[in-house]
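The lines below spell out each chain.
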Amino acid sequence: MTPDASDPRPVKLAPSLLSCDFTHLGDELRAIQSADWAHVDVMDGAFVPNISFGLPILAAARRASNLFMDVHLMIDRPERYLRDFADAGADGITVHVEATPHVHRAVQQIRELGKKAGVTLNPGTPLEAVRPVLADVDLVLVMSVNPGFGGQKFIPQSLERIRTLRRWLDELGSPAELQVDGGVSPTNARAVVHAGASVLVAGSSVFGQGGAAAGLERLREALK
Ligand code: DX5
Ligand code: ZN
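Residues numbered from 1 in each chain as written. Chains lettered and ligands numbered in written order. Predicted model: local features only at pLDDT ≥ 70, side-chain atom pairs only at ≥ 80, totals over all residues. Heavy atoms only, no water.

Mapped onto the present numbering, the UniProt feature "binding site: a divalent metal cation" (unreviewed entry) falls at His39, Asp41, His72 and Asp181. These annotated residues cover 143 residues of sequence, and their C-alpha atoms all fall within 10.5 Å of one another, placing them together at a single site. In the annotated set above, the residues contributing to the lining of the largest pocket are Asp41, His72 and Asp181. Structurally, the position occupied by Asp41 is in strand β2 (residues 37-43). Among the residues examined, Asp41 registers a relative accessible area of 4% and is labelled buried. (UniProt positions renumbered as here; feature names shortened; annotations may be inferred. 1 Å grid on protein atoms, 1.4 Å probe; cavity = no way out; pocket = protein on both sides within 12 Å on 5 of 7 lines; lining within 4 Å. Helix = DSSP H or I, 4+ residues; strand = E, 2+ residues; numbered from the N terminus. Buried < 20%, exposed > 50% of the residue type's maximum accessible area, 1.4 Å probe, protein only.)

As structure tokens, then:
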């Protein structure tokens, strides 16, 4: 989206590797080279009802690409693995408030590792759960589907949640990114950005038919 006076935020696109063809991970990363970040969804089969992939895939992606590796940890007690994900090549690490009783400590640890710290919450979790750490994070992620799977439908109430978090961040004067993840497509991308998002995650709508480069282009067109 071309920034203008009414919308000064440059929008970043973060294709989610969850929907890519893992037999060609290097090619898929090259296809999204013009994106801003690569979104890396780690699922443990406990915090969410699905298992995706972990450290070796992140390390391989790191070797294949210089994109910012935006790691979304959908795992219980993520503080156990922060150093491992930092060592494997994460540039930013996002943890769920529901996954640990020590979310503030986790955020501190991510920053001590020299990485960008993100916090997120499920669609059913009150926004107040992230408010105490807002001043201490580099990114807030609004989940617009229940985490666990790609290809789900965007939950419309997410727009109001994005607007509220945008207001809270602005009130704090926080430069933190406001990221949205789940069901983002050319159909709703403009509305999501208009509500206040600065980073859009998109999996199935990017790595769909026609290849990832074309998918990214469709998203960019929708934001013009
Ligand atoms: C869902 C993941 C998302 C997922 C998005 O649990 O966090 O990042 O890959 O996929 P789409 O864009 O297909 O909804
Ligand atoms: Zn994600």
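Our next topic: the layout of surface pockets. Computed from the structure, the largest pocket encloses a volume of approximately 290 Å³. Along the walls of the largest pocket sit 28 residues, with Gly150, Gly151, Asp181, Gly182 and Gly183 positioned nearest its centre. Counting residues per element, the ones that place at least two in the lining of the largest pocket are β2, β3 (68-74) and β8 (199-202). For the lining of the largest pocket, a count of residues per class yields eleven nonpolar, 14 polar and three charged. By volume, the second largest pocket is sized at about 180 Å³. Taken together, 14 residues line the second largest pocket, and the ones lying closest to its centre are Trp37, Lys116, Asp138, Leu139 and Glu177. (Points joined across faces, edges and corners; volume = space filled by probe spheres on them. Nonpolar A, V, L, I, M, F, W, Y, C, P; charged D, E, K, R; others polar.)

Mapped onto this structure's residue numbering, the UniProt feature "active site" (unreviewed entry) falls at Asp41 and Asp181. Across 141 residues, the annotated set stays spatially compact, with a maximum C-alpha separation of 10.5 Å. Considering only the annotated residues already named, the ones lining the largest pocket are Asp41 and Asp181. If near-sequence neighbours (up to four positions away) are discounted, Asp41 is found in contact with Ser16, Leu18, Ser52, Phe53, His72, Met74 and Asp181. For Asp41, the side chain forms a polar contact with the side chain of His39, separated by 2.9 Å. Summarising the element assignment, Asp181 is placed in strand β7 (residues 177-181). If sequence neighbours within four positions are ignored, Asp181 has contacts with His39, Asp41, His72, Leu141, Val142, Met143, Ser144, Val145 and Val201. (Contact = heavy atoms within 4.5 Å. Polar contact = N/O pair within 3.5 Å; in protein donor to acceptor, adjacent residues only side chain to side chain.)

Neighbouring residues of ligand 1: 20 residues in total, closest Asp41, Gly148, Asp181, Gly203 and Ser204. His39 is positioned such that a nitrogen or oxygen atom in its side chain is 3.4 Å from an oxygen atom of ligand 1. Contact distances for ligand 1 include 3.3 Å between an oxygen atom and a side-chain N or O atom of His72. In the complex, the protein chains occlude 100% of the 380 Å² of accessible area that ligand 1 would expose alone. Mapped by element, the contributors of at least two residues to the shell around ligand 1 are β2, β3 and β8. If you tally residues by element for the shell around ligand 1, the top one is β2, at three residues. When its residues are assigned to classes, the shell around ligand 1 shows eight nonpolar, ten polar and two charged. (Near = heavy atom within 4 Å. Areas by Shrake-Rupley, 256 points an atom, 1.4 Å probe, with all protein chains shown as cover.)

Donor atoms from the polypeptide that coordinate the zinc ion (ligand 2) comprise His39 (NE2), Asp41 (OD), His72 (ND1) and Asp181 (OD), at 2.0 to 2.3 Å from the metal. With six donor atoms in place around the zinc ion (ligand 2) and angles of 70 to 170 degrees between them, the coordination shape is octahedral. Mapped onto the sequence, the residues coordinating the zinc ion (ligand 2) show the spacing H-x1-D-x30-H-x108-D. In this pair, His39 sits in strand β2 while His72 sits in strand β3, placing the two residues 33 residues apart along the sequence. Judged by relative accessible area, His39 falls into the buried class, the value being 0%. The exposure class assigned to His72 is buried, which follows from its relative accessible area of 0%. (Donors = N, O, S within 2.8 Å, 3.2 Å for Na, K, Ca; no water. Tetrahedral: all angles 85-135°; square planar, octahedral: opposite > 155°, others 65-115°.)

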